[in-house]
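Spelled out from the first residue to the last, the chains are:
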Amino acid sequence: MALTRLMSPRLPCSLPLPSPPSYKNISGCCCRRLLTHRAAMPVAAQHLSTATPTPPPTPQRQQQMMAARLEHGSLHVGGRELLARAPPNVTLRPAGVAGAEVAPGAAAFLGARAAAPSSRHVFPIGTLASGWRWLSLFRFKIWWMVPATGAGAAAVPAETQMLLLESRDAAAGEQGAVYALMLPVLDGDFRASLQGSPEDELQFCFESGDPDIQTMEAVDAVFINSGDNPFKLMKESIKLLSKIKGTFRHIEDKEIPANLDWFGWCTWDAFYKAVNPTGIEEGLQSLREGGAPPRFLIIDDGWQETVDEVKEVDETLREQSVFAQRLTDLKENHKFRGETCKNLGDLVKTIKEKHGVKFVYMWHALLGYWGGVLATSDAMKEYNPKLAYPVQSPGNVANLRDIAMDSLEKFGVGIIDPDKIYEFYNDQHSYLSGVGVDGVKVDVQNVLETLGHGFGGRVAVTRKYQHALEESIAQNFKRNNLICCMSHNSDSIFSALKSAVARASEDFMPRKPTLQTLHIASVAFNSILLGEIFIPDWDMFHSKHESAEFHGAARALSGGGVYVSDKPGVHDFSVLKKLVLPDGSILRARHAGRPTRDCLFNDPVMDGKSLLKIWNLNNLSGVIGVFNCQGAGQWVWPVNDTAYVPTSINITGCLSPSEVESLEEIAGHNWNGDSAAYAFNSGSLSRLQKHQNLEVSLSTMACEIYTISPIKVFSETVQFAPLGLINMFNSGGALNDVSSTTDSSATTVHVRCRGPGRFGAYSATRPELCRVSEQEVEFSHTEDGLLAFDLPHCSSHDGDLWHIEIVYRTS
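Notes on the structure in this doc start here. (Residues numbered from 1 in each chain as written. Predicted model: local features only at pLDDT ≥ 70, side-chain atom pairs only at ≥ 80, totals over all residues. Heavy atoms only, no water.)

## A closer look at the overall build of the chain
Part 1: What the chain contains, in helices and strands, is 16 helices and 44 strands.
Part 2: Within the span of the chain, comprising 811 residues, buried residues form 61% of the whole.
Part 3: The contacts of the chain with a sequence gap of at least 6 include a subset with a gap of at least 24, amounting to 75%.
Part 4: Counting only carbon and sulfur atoms, one obtains 50% of the accessible surface of the chain, whose full area is about 30,400 Å². (Helix = DSSP H or I, 4+ residues; strand = E, 2+ residues; numbered from the N terminus. Buried < 20%, exposed > 50% of the residue type's maximum accessible area, 1.4 Å probe, protein only. Contact = heavy atoms within 4.5 Å. Areas by Shrake-Rupley, 256 points an atom, 1.4 Å probe, with all protein chains shown as cover.)

In structure tokens form, the structure reads like this:
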């Protein structure tokens, strides 16, 4: 349950920095104060500077101050020291490309030289200077990233793939913050990652994954940039990096699959591998009859023809070999061929014609199946498969081992010849496309990093597979209908030229209550990086579950797809109808949902005091979701032997319209800086100045969503802010445009909004009348300015917008 209270104008709240976590095989933080190379200002000079203000620096001087530079073992970014005591073998070179919109010298690449060639180097690059705190996105196990926060280099986890740092001048407040971004990237056939050492040094690991691919020098291993806005810094950096490297593209340069705007259902948690045609139809029908029709379906694992070789040899190894099953054919298995349905094509036709599904996706692994393909299968021989045994990087096993990799290391993977991989994908996808399938979800992608030996290394083999996959999608499905999954290694991320959707975290696990808050925190933080390259997929969830409201609210803010994995007939339509319109469409926000700026360096799961706030934008408004993730679970890293007992913690925090980044860009020219803030659960409406705060109190596993709508001043008496469909989690996602007309007798506000539902808006004064598609409707207007009335069901085709007129008589 949420309680909100309007607070007087003040600076956005700043929650204390939590103690850095400890990590297995990585010692705790031992941050030390380091001397800078700048001499103290003499007293006389201080007095003179007070009497005669120093003129502001010229643009050229500002560029020089912001430039990354390495001098005498000290790395400066944004005018501040970031690294001290860098060894003499560390190098820095400017990062630039013709036509890039970035200040010359602001971005750079760190590298290093070694004394001898090797396929794996660990280069110390110095200690973190005092005054910086960091956010790490690191792979806690081979498949997935999670966030960690701290200060000092020692606690930076192994397999860190993004390090965002902040240095704040306390006297200057928000204006004194400098952000530095360190992105370990791909450099030729090598891949970099960051890590701390017990000696409090920051290091980067540089590895090819193939003993035969060696080097003595890392040139462009760690991309570095700085700025005063962390989200703008990330976007500009990824855009620049994509132009320099040419191996991946920014999300704005990719085709976005159309299914993301429609509600979906996935068969995984409903059936797991026992999926079958009858169950699929039952699930679609029960959702449709309840008023939340899925227009998008994923038929997950369980439809393919596979074999477990180990089980046939030794039943005692059955449990160990669960992930070593191999693909034997490209077509569907016996469950999808029989009396219930003739074949997969027959099922897909029924799904679309009977149940109104627009998009059907099929699941498969990047290598065909978890254990790859069966090398002796007649259907696979033409792709030259061979049995290979994965070799993990020391960085992976330094954190958390994974049972799937244990299985694959023991029993091997049937890997297809990289020169034949396009033929394999094309044959499989052309078959699926031919029976009416629209796209695929491709899983288990990171396994390729362990199979680089003999194929030119992990980067080369990943890129070969990834680009073959993308070309096959383009050839067979036309609309870029691909979901990438278990693909959180930088090898895959920075090889994504066309892939536009990727899972943002480990699975939603309905039977593990202590992982629910971790899921929400992980997807939000991971979207900081992933959201610049993909539309992050925050995964399925159950609508009938103790965490359903929590997950549903988060999905509404994600900017990605919304889909559930309910068992047939087991649904909570009170939750679903806050996400799905009767036509099956959803109100998708414009960007990837990410933590607000003041949350970036806090631990929203385990510090016992921080709320998680997630922001996004719609066409005409912003949205902030506030989640209490404390007390309900703990990070699976570090691993503890004792069982965790959830507790209930009530936390009070605050939010402000200023926390919606770029709100002014959608506010329009007639914005006076004030916003209306509507709380979804409490129904309260507040008028706030830009930096004014609302206090919010939440208990564990509770959340609140605030629609932040800039108040438009259309005349002296008409001050108006549309909220959208206030019965939906992301109410502002229903709004298309707003304008006004004025004559001698009246000012009329025109709004285009989707429906049906309860339309809401902030109106400083009571209007004379309201019309929907030229029909006058009854409305309510309360003391706090909430104007509301009902929008009926559309009578024509899906996606119609209602034309709303709100008339104010001229006094």
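Here the narrative resumes.
## Some words on helix 11 (residues 458–476)
Part 1: In this model, helix 11 (19 residues) spans 27 Å end to end at C-alpha, consistent with the 27 Å of a helix rising 1.5 Å per residue.
Part 2: Once helix 11 finishes, Lys478 follows within two positions and takes phi at roughly 70°, a positive value. (Expected span 1.5 Å × (residues − 1).)

## Remarks on the side chain of His429
Part 1: Along the chain, His429 turns up in helix 10 (residues 421–434).
Part 2: At 3.0 Å, the side chain of His429 forms a polar contact with the side chain of His364.
Part 3: Residues in contact with His429, not counting those within four places in the same chain, are His364, Val440, Leu469, Ser472, Ile473, Asn476 and Phe477. (Polar contact = N/O pair within 3.5 Å; in protein donor to acceptor, adjacent residues only side chain to side chain.)

## Some words on the pattern of salt bridges
Part 1: Scanning all chains against the criterion turns up 40 salt bridges.
Part 2: A salt bridge links Arg113 to Glu217; the nearest nitrogen and oxygen atoms lie 3.2 Å apart. Of this pair, Arg113 sits in strand 6 (residues 108–118) while Glu217 sits in strand 15 (residues 215–227); the two residues are 104 residues apart in sequence, bridging distant segments of the chain.
Part 3: The class of Glu217 is partly exposed, set by a relative accessible area of 30%. (Salt bridge = Lys/Arg side-chain N within 4 Å of Asp/Glu carboxyl O.)

## Concerning the pairing of strand 44 (residues 801–809)
Part 1: Here strand 38 (residues 746–754) runs beside strand 44; their pairing, made up of 9 bridges, is antiparallel. Its bridge partner lying in strand 44, Val749 is registered against Ile806.
Part 2: Sheet analysis places strand 40 (residues 769–772) next to strand 44, joined by 4 bridges and oriented antiparallel. Along strand 44, the bridge assignment pairs Arg771 with Glu805. (Pairing = 2+ DSSP bridges.)

## Observations concerning the sheet that holds strand 40
Part 1: Taken in spatial order, the 5 strands make up an open sheet running 37-38-44-40-41, and their pairing is antiparallel. Every other strand in the sheet has two partners, leaving strand 37 (735–742) and strand 41 (775–777) as the edge strands with one partner each. For this sheet, the mean angle separating the axes of adjacent strands, direction not counted, is 25°. (Axes fitted to C-alpha atoms, helices over the stretch in contact; angles between N-to-C directions.)

## Description of the pairing of strand 37
Part 1: Bridging between strand 37 and strand 38 involves 7 bridges; their strand directions are antiparallel. The residue bridging Asp737 from the neighbouring strand is Arg752, located in strand 38.
Part 2: What sits between the antiparallel neighbours strand 37 and strand 38 is a turn of 3 residues.

## Some points on the packing of aromatic side chains
Part 1: What the rule picks out here adds up to 20 aromatic pairs.
Part 2: Considering the side-chain rings of Tyr179 and Phe601, the 6.4 Å spacing of their centres and the 15° angle between planes classify their relative orientation as stacked. You can see Tyr179 sitting in strand 11 (residues 177–184) and its partner Phe601 sitting in the loop between strand 28 (594–595) and strand 29 (612–617), a full 422 residues away along the chain.
Part 3: By relative accessible area, which is 1% here, Tyr179 ends up buried.
Part 4: Residue classification places Phe601 among the buried residues on the basis of a relative accessible area of 1%.
Part 5: With a centroid separation of 5.7 Å and an interplanar angle of 50°, the aromatic rings of Phe424 and Tyr425 are classed as tilted. Taken individually, Phe424 and Tyr425 each receive the classification buried, so the pair is uniform in this respect.
Part 6: Taken together, Phe123, Phe190, Phe204 and Phe206 form an aromatic cluster joined through their ring pairs.
Part 7: Above the face of the Phe534 ring, Lys254 is positioned so that its terminal group lies 4.7 Å from the ring centre. (Phe/Tyr/Trp six-rings, centres within 6.5 Å; stacked < 30°, edge-to-face > 60°. Lys NZ or Arg CZ within 6 Å of the ring centre and 35° of its normal.)

## Let's talk about unusual backbone geometry
Part 1: Gly755 connects to Pro756 through a cis peptide bond whose omega is 5°.
Part 2: On the secondary structure map, Pro756 appears in the loop between strand 38 and strand 39 (757–763).
Part 3: Although it is not a glycine, His72 sits at a positive phi angle of roughly 55°.
Part 4: Examined against the element boundaries, His72 turns out to sit in the loop between strand 2 (69–71) and strand 3 (74–77).
Part 5: For His72, a relative accessible area of 78% gives the class exposed.
Part 6: One non-glycine residue, Ser773, adopts positive backbone phi at about 50°.
Part 7: Tracing the sequence through the fold places Ser773 in the loop between strand 40 and strand 41.
Part 8: Given a relative accessible area of 32%, Ser773 falls into the partly exposed group.

## Some remarks on the state of the cysteines
Part 1: Counted by the stated rule, this structure contains 0 disulfides.
Part 2: There is no disulfide at Cys484, and the cysteine sulfur nearest it, in Cys485, is 8.9 Å away.
Part 3: Counting only cysteine sulfurs, Cys703 is the nearest neighbor of Cys629, a cysteine outside any disulfide, at a range of 9.2 Å. (Disulfide = S-S within 2.5 Å.)

## A closer look at the environment of Thr741
Part 1: Checked against the element boundaries, Thr741 lands in strand 37.
Part 2: Discounting chain neighbours no more than four positions away, the residues touching Thr741 are Ala746, Thr747, Thr748 and His750.
Part 3: Of note is the side chain of Thr741, whose polar atom sits 3.0 Å from the side chain of His750.

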